[in-house]
Amino acid sequence: MSDVLKNEDKLGSVLVQVQDDLKQLKSSLEKISANEMGQTLDIKALDNAIRKTESTIKEHAENYLKTVNKQQLVLPNIEDLQKKRMQIPKWKPSLESITDVHSQREDLPGVSRGEKQKLALNMYLLHNLARPKNRANMHRKCGISLPVVHKRSTDAAKRHRLITGFVVSDQAREPKGCHIPAVPEEDMGTVPHPSSLHMSIQHKAASLHPREDLFSKIGSKSKCHKQPKWKTKPTFVSVGTDKESTTKAPPPTATSKSLDQKNMERDTDSLIPKNPENLPVHVPLNMTKYPFIIIKGQIDPLATDFCHFKRRFSLCWSSVVNPLEALTKLLRDFAVPVAKVSGEQLVELSHGWESGWKKTPTETTVLPVLENWEEVLDLVLHPGQRYKGEGGIEAAAIRIQSCWRRYSAELTYLCHCRRKWAAGTIAISWLMHTQMRRVRKALQARRFSQLEKNRSRAQHLAANWKHIQSSKRTIIHIPSLGYSQSQRRNLKGFDILQNIQISRVCDVRDGNVEVIYICPQHLEDDILLYYTNLLKCDGAADGADTSSCSRRFIILTPEAVGSFPTHNMCLSTLLKYSPRTLKRIRNLIQGKQAYIVGGVAHMDDLAVADELGVPILGSEPAVAQLYSTKSGGRRIFAGAEVDVPPGQGDIYSLNQLHETLAELMAQYIVVKRWLFKMDSEHGGRGTAYCDVNHLSCYNWALQEYHRYGAVVWNTKWIQEPVMLRYLVEIPEWLAHHARPAKNSCYPNWACFLKTFLRQGGVVEACPPSDSVTCLTVALLLEPSGEVTMLSCGDQLHGSCQLGVLGATVPQTSIHPETLHSICIRVGQACLQRLIIGHISIDLATFLDHNTMDQKVWAVDLDIAYSDQLAMTQMLLMLTGGTLNCRAGCLEVPMPVREKCCEHQIEAKPPVGNRYAVIGIHLFHSNLSMLYRSVFFKICKAHGIVFNKEMKQGTVFALYESSEQCSIGMITVSEDLQGALVTFARSLSVIHQEISSPKMPAETNFKGLIKEIEDVLQIIVKNKIQLQDKPAV
């Protein structure tokens, strides 16, 4: 094969060699004539010259055929037959129908038997110079007249044979429609013209099955790939006129098909087109397209072009009728006006039609026989064209009916699907509802059982409270903030807020107490070591072993702390989902008297208490949530007959807010600021204010008030004109001038009002004085029915006057007896409402300018363990003293001097008074940049330390290990002024050490320092007034 590729179509050189041989033959004849000098020509010599030339031409023809015939036909092997699982009939050529075939049976390597026979026949026809046709061509083209040497018999000449096959030549490269006619039989006896040798004869077997690639979908709008249009057309070479005697080529094998594909890709001269016909059709030798026209789907049988087409293909007309009828029917159905049919392609289509079409072909199968198939295809594909042709009305009706049936069936199916989906949804919803109802009932039953058990344990605690207080006991401190979910979600640093009360561990100063503190976050070893050393102070216990204090407390962290990082769950809930921690607590309290001291009550407190089997020193969650609101606190204060600010609670609508506010403003016209407090908020978060001086009618209302006088003004009908005027202006006044106390929680009045009306709240008057002091009192409502004051202190505020940052202990703003009386009454009112445990009361005191009497208003009630009480426990732990709230003093045992004599042994140690400033919520963002050890070294370098012997100085409370931005601080001194100065100095030093102009920080140190400076100015002013009084 490589030799063939190297010697591509040396037809030109072959022709030159033939011409040279003919010239030599002519010269030889002339020499023979010259030598004989006009005598008779020697026939033998002439015959030898002709035979020599014939053999030379034969050699060249064989070389040419070997070069041109690149595709060889081989019989299919057994493996291919087995793979295809089909029977291919064996081909056995008729050797008797081929003349002189035995002389050309050379063994060609790689060539099949049938191919050898075809090649032998072709070579014989090419080099047979004795034929009359060949001699005529030789004389016409070369000018040589050859004598008749061998005379063929007439019988042999009359034997006509038809050999089927494809003629493929170099004209495949020529434009479509240019065909070189095959060499006729009568011209085969002479030497052909050199140009006629461009042809080669190659036989192609008819396929047994239709070829699908010829009838692939075509069209500019079709996405299918167009089949290549072959440039060569199949023709059949006729050797004679006998139509009965034919020699058929063998069927194509897998090898021949692969060779055809390779030759097609190389675009060689021996390309064999792929055709769908199975059997050869007797077609005239010189085939053309024979076009004819179909007008409106009708064929004119008398048209010249159609008659010519029918006459030329009369032998195969039976196979052409069916595709022609299908084509005309298609053209009539689609109302095609004019269609130009290619007769040749229609005949090709008929071959496949007879052999393989079992179904009616599609438009893209029949239309390729048209010369204007693109225009016809566009028309056929045009929407609605089918309904313009023959039977269009019936087709449209069928189409409409089928569409309607499809539409109705689709609607029915969709309706069925919707009903099925609805049924499934209802079933699932019902199952979920029943499941939720079962779970809800189970939870209600379980919580009711927990509540009943808690009440039983609370009764046992109340009956044995005195005994428990005097014996060894274990206190389980759970500083849980059981706020609502919406409140907990909006609180930043919720775990830090719960851990501010870590100073509860200082309860171990009582020698009979062991403390289990549940911590809401994981603490590092430095904080644990800090509190361990803090509890080893000399005044840690009254007469007890100081080293045992550090062994009587334990800090536990529930394992579920890190499991819900984004839910802000309260500590009781986390402990409920921590079985290992609960198990350890049970082991620690086994066989001991124990009870739980919680924080803000939550339903999970009952679950934890039931799991541990211990009582809770506190109220039931439902009772605590009812009275811990601002409105509930006002009801308790009213029941205790304690003065409260003018106002109204339980406001849930906007009209109620406007009407209540107008009535209060008209009744208490001297109040310059009104406060709006949400029921469920705390720490000044849910508080807003608005000043009445922004009202346009306020001056007119004051004139009316002064005109009638304070006594007459209390009459309702006199207040009515002012109230109506207020009611008109209040909506606009609130919208423009009301401000939330903390913008970080509620940026504007609209956001605040929305939450206020959803939760409910109260409207209260701000004390009508420029100097107002607020204080916090922590009470213990014992289960036995006694009320004990545990802590009292004046509040310290920062930049926001409604947020508490610290306190001064003990309080100095109200007479102790007055304060004690108020607390006892409030405590008794709470006990009547089944409130027990720890509560805290916020009071406001100021001087009434009309009567010059001191007034005390109860402004808030929290049913929970307060932060101030936790810091007070730490203060008492450090100083070893006691806080006498009824006397209003902090008594601290002083160090004992050296004993002078023996009778001083029984003398009591001296006691001194101390004042302390407690900072609870101190925040500085730059604290996170310092290690704890470095921070304490800086404080020690500036003298910020605590003197254990003198029971004064500064000590810190550590809350967290992660951010380290929040701390607590306590300063103790001999007088209040010294404690405030020490506190302010410590804050200033710390702020200067950890801050710089290049490092802006977020802190509340500056606001608290300014508040302390104002308090110091008031103290100095009061001292000067006290010193000047005796001189008057």
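These remarks concern the structure in this document. (Residues numbered from 1 in each chain as written. Predicted model: local features only at pLDDT ≥ 70, side-chain atom pairs only at ≥ 80, totals over all residues. Heavy atoms only, no water.)

So, on to the packing of helix α9 (residues 304–312) against helix α10 (residues 317–333). As a packed pair, α9 and α10 sit with axes 10 Å apart at the nearest point and diverge in direction by 135 degrees. Classified by the angle between their axes, α9 and α10 sit oblique to one another. Contacts between α9 and α10 pair Phe306, Phe309 and Lys310 from the former with Trp317, Val320 and Leu324 from the latter. Residues that form the contact of α9 with α10 fall into these classes: 5 nonpolar, no polar and 1 charged. (Axes fitted to C-alpha atoms, helices over the stretch in contact; angles between N-to-C directions. Helix = DSSP H or I, 4+ residues; strand = E, 2+ residues; numbered from the N terminus. Parallel < 35°, antiparallel > 145°, perpendicular 65-115°, else oblique. Contact = heavy atoms within 4.5 Å. Nonpolar A, V, L, I, M, F, W, Y, C, P; charged D, E, K, R; others polar.)

Right, let's get into the sheet that holds strand β8 (residues 473–477). Taken in spatial order, the 4 strands of this open sheet run β10-β9-β8-β11, and their pairing is parallel. Every interior strand has two partners, whereas the edge strands, β10 (553–556) and β11 (594–597), have only one. Taken pair by pair, the neighbouring strands of this sheet meet at an average axis angle of 20 degrees, ignoring direction. Note that β8 and β11 share 4 bridges and pair parallel. When the sheet's bridge partners are listed, Ile475 is paired in β11 with Tyr595. (Pairing = 2+ DSSP bridges.)

Attention now moves to the nonpolar core. Within the largest apolar cluster, 110 residues are counted, with the highest numbers of intra-cluster contacts made by Tyr531, Leu819, Ile835, Phe956, Ile970 and Ile990. At 9 residues, the largest contribution of residues to this core is made by helix α32 (residues 976–994). Discounting chain neighbours no more than four positions away, the residues touching Ile970 are Met871, Met874, Leu875, Ala916, Val917, Ile918, Gly953, Thr954 and Val955. In this structure, Leu661, Trp674, Phe752 and Phe756 belong to the second largest nonpolar core, which totals 35 residues. (Core = buried A, V, L, I, M, F, W, Y, C linked by side-chain atoms within 4.5 Å. Buried < 20%, exposed > 50% of the residue type's maximum accessible area, 1.4 Å probe, protein only.)

Okay, unusual backbone geometry next. What you tend to see is this: most non-glycine residues have negative phi, and most peptide bonds are trans. Note that the residue after Val809, namely Pro810, is joined by a cis bond; omega there is -5 degrees. In this structure, Lys296 takes a positive phi of about 55 degrees despite not being glycine. Within the secondary structure, Lys296 is located in the loop between β6 (292–295) and α9. Its identity as a non-glycine residue notwithstanding, Glu641 has a phi of 55 degrees, on the positive side.

Turning to its location among the elements, Cys965 is positioned in the loop between β26 (952–958) and β27 (966–973). With a relative accessible area of 7%, Cys965 lands in the buried category. Contact partners of Cys965, with chain neighbours within four places excluded, come to Leu922, Phe923, His924, Ser925, Leu927, Ser928 and Glu960.

Turning to a nonpolar patch on the surface, a few remarks are in order. Taken together, the side chains of Ile293, Ile295 and Val338 present a nonpolar region at the surface, about 240 Å² in accessible area. Relative to the helices and strands, Val338 is located in strand β7 (residues 338–341). Residue class for Val338 comes out partly exposed when judged on its relative accessible area of 39%. (Patch = residues over 30% accessible without salt bridge, like charges linked within 9 Å, V, L, I, M, F, W, Y side chains within 5 Å. Areas by Shrake-Rupley, 256 points an atom, 1.4 Å probe, with all protein chains shown as cover. Salt bridge = Lys/Arg side-chain N within 4 Å of Asp/Glu carboxyl O.)

With respect to topology, 5 strands assemble into an open sheet ordered β12-β16-β13-β14-β15, the strand pairing being antiparallel. Two strands bound the open sheet, and with one partner strand each, they are β12 (647–651) and β15 (739–740). Relative to β15, strand β14 (residues 687–691) is paired through 2 bridges, and the arrangement is antiparallel. In the strand pairing of β15, Tyr689 is matched with Arg739. Sitting on the sheet, helix α27 (residues 716–737) is in contact with β13 (673–678), β14 and β15, with an inclination near 115 degrees to β14.

The end-to-end C-alpha distance of helix α30 (residues 867–879) is 19 Å, a good match for the 18 Å that 13 residues give at a rise of 1.5 Å each. Counting buried residues in α30 gives 12 out of 13 residues, a clear majority hidden from the surface. Gln868, Leu869, Ala870, Met871, Thr872, Gln873, Met874, Leu875, Leu876, Met877, Leu878 and Thr879 are the residues of α30 that are buried. A positive backbone phi angle near 70 degrees is found at Gly880, which sits one or two residues after α30. (Expected span 1.5 Å × (residues − 1).)

Most of strand β18 (residues 787–797) sits inside the fold, with 9 of its 11 residues counted as buried. Hairpin connection of strand β17 (residues 772–781) to β18: 5 residues between the antiparallel strands, including Gly785 at a positive phi of 105 degrees. In the sheet, β18 pairs with strand β19 (residues 804–809) via 4 bridges, with the strands oriented antiparallel. From the neighbouring strand, His797 faces β19, where its bridge partner is Val804. What sits between β18 and β19 in their antiparallel hairpin is a turn of 6 residues.

Before going further, it helps to examine the side chain of Asp679. Note that Asp679 resides in the loop between β13 and β14. Of the side chains with opposite charge, Lys630 lies nearest to the buried Asp679, which makes no salt bridge, at 6.9 Å. Within the structure, Asp679 has its side chain in polar contact with the side chain of Ser631 (distance 2.9 Å). (Lys, Arg positive; Asp, Glu negative; His and termini not counted. Polar contact = N/O pair within 3.5 Å; in protein donor to acceptor, adjacent residues only side chain to side chain.)

Between helix α25 (residues 698–708) and α27, whose axes approach to 11 Å, the crossing angle comes to 175 degrees. Here α25 is positioned roughly antiparallel relative to α27, judged by the angle of their axes. Across the interface between the two elements, Tyr698, Trp700, Ala701, Glu704 and Tyr708 from α25 touch Ile718, Pro721, Val722, Arg725 and Tyr726 from α27. Its residues assigned to classes, the contact of α25 with α27 comprises 8 nonpolar, no polar and 2 charged.

With that out of the way, let us pick up α32. For α32, built from 19 residues, the straight-helix expectation of 27 Å at 1.5 Å per residue is met to within 8% by its first-to-last C-alpha distance of 27 Å. Its buried side turned inward, α32 meets β19, β24 (911–923), α31 (932–941), β26, β27 and α33 (1005–1028).

What follows concerns the pairing of β6. Only one face of β6 is covered, namely the one carrying Phe292 and Ile294; the face carrying Ile293 and Ile295 has none of its residues buried. Two elements, β6 and β7, share 4 bridges in a ladder whose sense is antiparallel. Each bridged residue has a counterpart across the sheet, and for Ile294 the counterpart in β7 is Ala339.

Honestly, it's all geometry; don't read function into it.
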